[in-house]
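Chain and residue survey
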Amino acid sequence: MTPSAERPPPRPPGPATPSWTPPRSSSRSSSWSSSWTSAGTPLRIALIASARHPIRDPFAGGLEAHTWTLSKALRARGHEVTIFAGPGSDPGLGVVEMPFRPPRISEAACRDTSMVAAHWLAEHHAYLQLMLDLSRAPARYDIVHNNSLHYLPVAMAAVLSVPVVTTLHTPPTPWLESAIQAPPYCPMRFSAVSDHTAAAWRHVVPAATVVRNGIDTERWHPGPGGEELVWSGRIVPEKGAHFAIEAARLAGRGLRLAGPVGDTEYFEACIRPRLDRTITYAGHLSQPELCELVGSSAAAVVSPCWDEPYGLVIAEALACGTPVCGFARGALPEIVTDDCARLVEPGDRTALAAAVEPTTALSRADARRHAEEFCSMEVMTRSYERFYRSVSA
C-alpha cells in the first residue's frame, strides 16, 4: 500500500427487503417485568462486549473504551451491570470472562478443509456458549445489551426471554446483515452511534435509535495547549495517520502520534520511515497519558480514509479543549461545529494542512463546552436509559 492509498469500507449488498421491523407486542414482551419501565428504577443489565480484546486501559480501540465508560456510568446511576468480555479485562469491572470453556477440537477436525482460524472459532464458541447460558437464566437480567461486533448475539436473540438490544458501531458487515435477515422476524432493537451510521444500516435496520458515544469529561480534562499537533487512534490504513503526517509537514508543524499498532505492515511501510525529530510516535498510551498528550497539543488531526461511524478521538480531543482539524467524512460533520473544528474535503492533504492554522486559532473553551454539552458520558448514559426503557413499550 502506498502512503496515500485508501482502504474503503465494505460495500453493503444490493437492495434487499428488510426482514427487521421494530418489535411488536408478543407473548414474550408481555412477560417482561413492567416495574423496570418506570423512570428511575434500576435495571439489571447484561452487557456483551468483545471476546477478543480485554476491556482495560490502554484500550485496544474505541469500542473497548466505550464499553468501559458505559458500564461505569450505568453503575454510577444505580444499575446492576454484568459485563461479558475477553480475558484480562479491568478487575474493577467485575467482568465475566469469555471464552468460558474453550472447545477441544480434535486433530481430525483441525485437518478438515472447513477449519477456520483458531481465533475465529474461539470467538464463535464464546458467543455461542454465552447466548445459550443466558437463555438458561431468564430471570437474571432485565435487558441484554450486545455491544460487540459479533453476529451470534443478534442471530440468537430469539432464544432469550428478555429484551435484547444491539448497538451498531461500524459500517454494514455481511455477517451481521445475515444475522438480522435470518429469521422472518428479528426480535432485536438497534441503536446506532451516529445519524450517519443509522443511515448506512437503514436497508436492513430501518429504525435504529441514535445514541451517540460519550466520554468521561472529568477523566478527559482541559489541557493548556501547545505548539505541536496530535493524532491518536488505532494505527491502521483506514484511520489515515499517513495523511496527518503529510498535512503536518506541509503546515510546518510537529506531530505526535499515539495509539496501538493494529497493522504492523502498514506501520512499517507508511509510518515508521516518516518518523523523525518533528514527527514522533508516543506509543500505545494509557488514558491519563493520552489526555496529557492531547491536552498539550495545538490541534488534533482526524484524517480517516473510511466513513468513520463516530470518531471517539474527536470527543476526547474536544474534552481536552483541543480543537479538531480533519476530513469531512462519515459522522465527523455531525459531531463538531465551526466553533470547535475545521473540516475539509476527504483525502485532500493540502486543504488539511491549510486548515491547521485556522483550527489552532479556535477557542479551547468553546471546544471544551461542546464536549460537555454534546459528547459527555452523562448525555450518552441518559440516552441509553431512555432507549432501554423504550424496548418494552
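Preceding this paragraph is the structure being described.
For the structure given in this document, a descriptive report is provided here. (Residues numbered from 1 in each chain as written. Predicted model: local features only at pLDDT ≥ 70, side-chain atom pairs only at ≥ 80, totals over all residues. Heavy atoms only, no water.)

The next subject is the packing of helix α11 (residues 312-319) against helix α15 (residues 364-374). Axis separation between α11 and α15 bottoms out at 7 Å; the angle between their running directions is 125°. For the element pair α11 / α15, the angle class is oblique. On the side of α11, the interface is formed by Ala315, Leu318 and Ala319, while α15 contributes Ala367, Arg368, His370 and Ala371. Class assignment for the residues of the contact of α11 with α15 results in five nonpolar, one polar and one charged. (Axes fitted to C-alpha atoms, helices over the stretch in contact; angles between N-to-C directions. Helix = DSSP H or I, 4+ residues; strand = E, 2+ residues; numbered from the N terminus. Parallel < 35°, antiparallel > 145°, perpendicular 65-115°, else oblique. Contact = heavy atoms within 4.5 Å. Nonpolar A, V, L, I, M, F, W, Y, C, P; charged D, E, K, R; others polar.)

The strand order β3-β2-β1-β4-β5-β6-β7 describes an open sheet built from seven strands, whose pairing is parallel. Across the chains shown, the open sheet's two edge strands, defined by having one partner strand only, are β3 (96-97) and β7 (209-210). Most of the contacts of helix α2 (residues 62-76) go to strand β2 (residues 80-85), to which it runs at about 160°, and overall it touches β1 (44-48), β2 and β4 (143-146). (Pairing = 2+ DSSP bridges.)

It is worth spelling out the nonpolar core at this point. Of all hydrophobic cores here, the largest spans 55 residues; its most connected members are Ile83, Ile314, Leu318, Val324 and Tyr388. With six residues, the top contributor of residues to this core is α11. In this structure Leu318 touches Pro323, Val324, Val336, Cys340, Ala367, Arg368, His370 and Ala371, once residues within four positions along its chain are discounted. The next biggest cluster of nonpolar side chains, apart from the first, holds 33 residues, and it includes Tyr151, Ile180, Met188 and Ala192. (Core = buried A, V, L, I, M, F, W, Y, C linked by side-chain atoms within 4.5 Å. Buried < 20%, exposed > 50% of the residue type's maximum accessible area, 1.4 Å probe, protein only.)

This part takes up the pairing of strand β9 (residues 255-258). Neither face of β9 is exposed, since Leu255 and Leu257 on one face and Arg256 and Ala258 on the opposite face are all buried. Two elements, strand β8 (residues 229-232) and β9, share four bridges in a ladder whose sense is parallel. From the neighbouring strand, Ser232 faces β9, where its bridge partner is Ala258. At this point the chain moves from β8, through helix α8 (residues 241-251), to the parallel β9, and the crossover so formed is right-handed. Summarising the sheet, β9 and strand β10 (residues 279-281) pair through three bridges and their orientation is parallel. Pairing of Leu257 across the sheet is with Tyr281, part of β10. Since β9 and β10 lie parallel, the crossover through helix α9 (residues 264-271) that links them has a hand, and here it is right-handed. (Right-handed = clockwise from strand over helix to strand, strands pointing away.)

Let us look at the packing of α8 against α9. At a minimum axis distance of 10 Å, the contact between α8 and α9 shows a crossing angle of 15°. Looking at the two axes, α8 sits roughly parallel to α9. The chirality of how α8 crosses α9 is right-handed. Two secondary-structure elements touch here, α8 through Ala241, His242 and Ile245 and α9 through Tyr266, Cys270 and Ile271. Along the lines of polarity and charge, the residues of the contact of α8 with α9 split into five nonpolar, one polar and no charged. (Left-handed = near helix turned anticlockwise from the far one by under 90°.)

So, about the side chain of Asn146. Structurally, Asn146 is set in strand β4. On the accessibility criterion, Asn146 (0% relative accessible area) is buried. At 2.7 Å, the side chain of Asn146 and the side chain of Ser148 are in polar contact. At 3.1 Å, the side chain of Asn146 forms a polar contact with the side chain of Thr166. Not counting residues within four places of it along the chain, the set of residues in contact with Asn146 comprises Ile48, Pro153, Val154, Val165, Thr166 and Thr167. (Polar contact = N/O pair within 3.5 Å; in protein donor to acceptor, adjacent residues only side chain to side chain.)

Further remarks concern α8. Given 3.6 residues per turn, any residue in an α-helix points the same way as the ones three and four places further on. Extensive coverage of α8 is indicated by the burial of eight of its eleven residues. Looking at α8, one finds that the buried residues are Ala241, His242, Phe243, Ala244, Ile245, Glu246, Ala247 and Ala248. Once α8 finishes, Gly252 follows within two positions and takes phi at roughly 70°, a positive value.

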